Amino acid sequence: MSTPSILILPGDGIGPEVMAEVRKVIAWFGAKRALHFEVTEDLVGGAAYDAHGTPLTDATMARAQEADAVLLGAVGGPKYDDLDFSVKPERGLLRLRKEMDLFANLRPAQCFDALADFSSLKREVVAGLDIMIVRELTSGIYFGEPRGIVTEGNERVGINTQRYTESEIARVARAAFDLARRRSNKVCSMEKANVMESGILWREVVQKVRDTDYPDIALSHMYADAGAMQLCRWPKQFDVIVTDNLFGDLLSDAAAMLTGSLGMLPSASLGAPMANGRPKALYEPVHGSAPDIAGQGKANPIACILSFAMALRYSFDQGAEATRLEAAIDAVLAKGLRTADLLGPEGGSPVGTAAMGDAILVALDESL
Ligand code: IPM
Ligand code: MG
């Protein structure tokens, strides 16, 4: 079999810094575990705009389609705030998601034991938390037509459309049920069926897919607002949550914060299987480009490294090596190593981005 390929798109802000640490980890797996990847790099977001006047060139889009997995850092920054909407950095990311048809976005919210006191919630509410939000990523109000800002009479109107077809709902439901079978066979679906027709259809289709093909899954339904409340009240009642694009955007940020640090959370965006059996896939940390600390060597590389762990698991069928990497990160945290975002109110002295990456390599060596 040919060497699997990874396209790295570091993007903006802290993206390049954290991605440099991922590269070290990828090199470690080549040197110590004989897991080799053909790694190439390209531009996305503001970095691509600066070089080419567009947040994603057609050439980069084509390379992403060809790659076995894409790893993305972050896009955006205040420098680009005044750009026309059509060339904003975020449009590059949305184009990747849409054209690769990455309909299932997996966002784990896992509370690392060493960080349980970091949450704004009480330790007992979050300790041991391990939930997975499956967010629909290529449809709904993010992409629905009609959209735009139009003039009606003497004022302007902003329009976006929430739109879901049955097949779009069914395929993301299947992704959630398949995942639940690898966890604890429990899924909660969230929508607003009390006020939105798209929510009524969502609930109906998710239930039907479950009844037809996944009778072993315990499925419950919740209105998304109540779901947000329950996530803050007692998050451990959930295991897999499946929801639409916009609710998933909001709920996954809330779930991320439960765990104490956005700097810790990875994500995987998966599409249909390619000819070689691997799913189309893009992996990215949930945190953004953090322009306030960009270029200072302070950023936490863990979310981005954990995104590579997800790539090992979901694209390259290397679950045991993914677990090795996750355990190495656990070990480093247990030793008390902290980047600045992981220091509590009592303070302490933080390590920088590169030192955190190096410590993870040491822990990987110790795992052998
Ligand atoms: C996310 C982000 C993106 C989104 C932005 C950057 C377009 O918030 O991945 O959650 O809204 O989907
Ligand atoms: Mg978001």
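What counts, and at which threshold
Residues numbered from 1 in each chain as written. Chains lettered and ligands numbered in written order. Predicted model: local features only at pLDDT ≥ 70, side-chain atom pairs only at ≥ 80, totals over all residues. Heavy atoms only, no water. Domains from an automatic or database assignment. Contact = heavy atoms within 4.5 Å. Buried area = accessible area lost by both parts, 1.4 Å probe. Salt bridge = Lys/Arg side-chain N within 4 Å of Asp/Glu carboxyl O. Polar contact = N/O pair within 3.5 Å; in protein donor to acceptor, adjacent residues only side chain to side chain. Helix = DSSP H or I, 4+ residues; strand = E, 2+ residues; numbered from the N terminus. Nonpolar A, V, L, I, M, F, W, Y, C, P; charged D, E, K, R; others polar. Near = heavy atom within 4 Å. Areas by Shrake-Rupley, 256 points an atom, 1.4 Å probe, with all protein chains shown as cover. Buried < 20%, exposed > 50% of the residue type's maximum accessible area, 1.4 Å probe, protein only. Core = buried A, V, L, I, M, F, W, Y, C linked by side-chain atoms within 4.5 Å. Axes fitted to C-alpha atoms, helices over the stretch in contact; angles between N-to-C directions. Parallel < 35°, antiparallel > 145°, perpendicular 65-115°, else oblique. Left-handed = near helix turned anticlockwise from the far one by under 90°. Expected span 1.5 Å × (residues − 1). Phe/Tyr/Trp six-rings, centres within 6.5 Å; stacked < 30°, edge-to-face > 60°. Lys NZ or Arg CZ within 6 Å of the ring centre and 35° of its normal.

1. Quick word on the domain arrangement of the protein
Link 1 in the chain: Domain boundaries assigned for the protein yield domain 1 (1-109 + 263-368) and domain 2 (120-259).
Link 2 in the chain: Here domain 1 and domain 2 have C-alpha centroids that lie 24 Å from each other.
Link 3 in the chain: Across the contact, 20 residues belong to domain 1 and 24 residues belong to domain 2.
Link 4 in the chain: Interface of domain 1 and domain 2: buried area, both sides summed, is about 1900 Å²; carbon and sulfur atoms make up 60% of it.
Link 5 in the chain: Linking Asp 101 and Arg 171 is a salt bridge whose minimum nitrogen-to-oxygen distance equals 2.9 Å.
Link 6 in the chain: The tally of links between domain 1 and domain 2 comes to seven residue pairs in polar contact (both at pLDDT 80 or more).
Link 7 in the chain: Elements represented by at least two residues in the side of domain 1 that touches domain 2 include exactly helix 4 (89-99), strand 4 (104-110) and helix 10 (302-314).
Link 8 in the chain: Here the side of domain 1 that touches domain 2 is built from residues that sort into twelve nonpolar, two polar and six charged.

2. Let's talk about the site of ligand 1
Link 1 in the chain: Every residue near ligand 1 is listed here: Glu 90, Arg 97, Arg 107, Arg 135, Tyr 142 and Asp 249.
Link 2 in the chain: Between ligand 1 and Arg 107, the relevant distance is 2.7 Å, taken from an oxygen atom to a side-chain nitrogen or oxygen of the residue.
Link 3 in the chain: For ligand 1, the accessible surface in isolation is 320 Å², of which the surrounding protein chains cover 74%.
Link 4 in the chain: When its residues are assigned to classes, the shell around ligand 1 shows one nonpolar, no polar and five charged.

3. Concerning the pattern of salt bridges
Link 1 in the chain: Counted under the stated rule, the structure contains 24 salt bridges.
Link 2 in the chain: Residue Glu 21 is joined to Lys 24 by a salt bridge in which the shortest nitrogen-to-oxygen separation is 2.7 Å. Here Lys 24 and Glu 21 lie together in helix 1 (residues 15-33), a separation of three residues that amounts to about one turn.
Link 3 in the chain: The exposure class of Lys 24 is partly exposed, given its relative accessible area of 26%.
Link 4 in the chain: A salt bridge links Asp 130 to Arg 183, with the nearest nitrogen and oxygen atoms 3.4 Å apart. Residue Asp 130 is found in strand 5 (residues 130-136), and its partner Arg 183 is found in the loop between helix 6 (166-181) and strand 8 (186-191); the two are separated by 53 residues along the sequence.
Link 5 in the chain: Assessed through its relative accessible area of 34%, Asp 130 is described here as partly exposed.
Link 6 in the chain: One network of salt bridges, with partners in common, ties together Glu 21, Lys 24 and Asp 358.

4. With respect to unusual backbone geometry
Link 1 in the chain: Each neighbour pair has its own omega, and for Glu 145 with Pro 146 the value is 0°, a cis peptide bond.
Link 2 in the chain: Assignment of secondary structure puts Pro 146 in strand 6 (residues 144-152).
Link 3 in the chain: Residues other than glycine seldom take positive phi values, yet Asp 101 does so here, at roughly 55°.
Link 4 in the chain: As for its position among the elements, Asp 101 is in the loop between helix 4 and strand 4.
Link 5 in the chain: The exposure class assigned to Asp 101 is partly exposed, which follows from its relative accessible area of 32%.
Link 6 in the chain: Although it is not a glycine, Asp 317 adopts a positive phi angle of roughly 55°.
Link 7 in the chain: Within the secondary structure layout, Asp 317 lies in the loop between helix 10 and helix 11 (319-334).

5. Description of the nonpolar core
Link 1 in the chain: Among the nonpolar cores identified, the biggest contains 70 residues, and Leu 71, Leu 106, Tyr 283, Phe 308 and Leu 325 are the most heavily contacted of them.
Link 2 in the chain: The biggest single contributor to this core is helix 10, with ten residues.
Link 3 in the chain: Domain assignment of the residues forming this core places at least three in each of domain 1 (1-109 + 263-368) and domain 2 (120-259).
Link 4 in the chain: The contacts of Tyr 283, once residues within four sequence positions are left out, are Ala 69, Val 70, Leu 71, Leu 72, Ser 267, Ala 268, Leu 270, Ser 307, Met 310, Ala 311, Tyr 314 and Ser 315.
Link 5 in the chain: In this structure, Ala 116, Ile 133, Cys 188 and Ala 255 belong to the second largest nonpolar core, which totals 19 residues.

6. Re the packing of helix 1 against helix 12 (residues 353-366)
Helices that pack against each other are described as a pair by the angle of their axes relative to one another and the distance between those axes.
Link 1 in the chain: Direction vectors running N to C along helix 1 and helix 12 enclose 20°, while the axes themselves pass 9 Å from each other. Looking at the two axes, helix 1 sits roughly parallel to helix 12. For the pair helix 1 and helix 12, the crossing hand works out as right-handed. Judged by residue contacts, Glu 17, Val 18, Glu 21, Lys 24, Val 25, Trp 28, Phe 29 and Lys 32 of helix 1 engage Thr 353, Ala 354, Gly 357, Asp 358, Leu 361, Leu 364 and Asp 365 from helix 12.

7. What about helix 11?
Link 1 in the chain: In this model helix 11 runs 22 Å from its N-terminal to its C-terminal C-alpha over 16 residues, within 8% of the 22 Å that 1.5 Å per residue would give.
Link 2 in the chain: Every buried residue of helix 11 is listed here: Glu 321, Ala 322, Arg 324, Leu 325, Ala 328, Ile 329, Val 332 and Leu 333.
Link 3 in the chain: Contacts from the buried residues of helix 11 go to helix 1, helix 10 and helix 12.
Link 4 in the chain: Once helix 11 finishes, Gly 336 follows within two positions and takes phi at roughly 95°, a positive value.

8. Observations concerning the packing of aromatic side chains
Link 1 in the chain: This structure, assessed with the given rule, holds six aromatic pairs.
Link 2 in the chain: Centroid distance Phe 37 to Phe 308: 5.9 Å. Interplanar angle 85°. Geometry classified as edge-to-face. Residue Phe 37 is located in the loop between helix 1 and strand 2 (38-41), and its partner Phe 308 is located in helix 10; the two are separated by 271 residues in the primary sequence. As far as burial versus exposure is concerned, Phe 37 and Phe 308 are alike and both buried.
Link 3 in the chain: These aromatic residues form a ring-pair network of at least three members: Trp 28, Phe 29, Phe 37, Phe 308 and Phe 316.
Link 4 in the chain: The ring of Tyr 142 is capped by Arg 135, whose NZ or CZ atom sits 5.2 Å from the centre of that ring.

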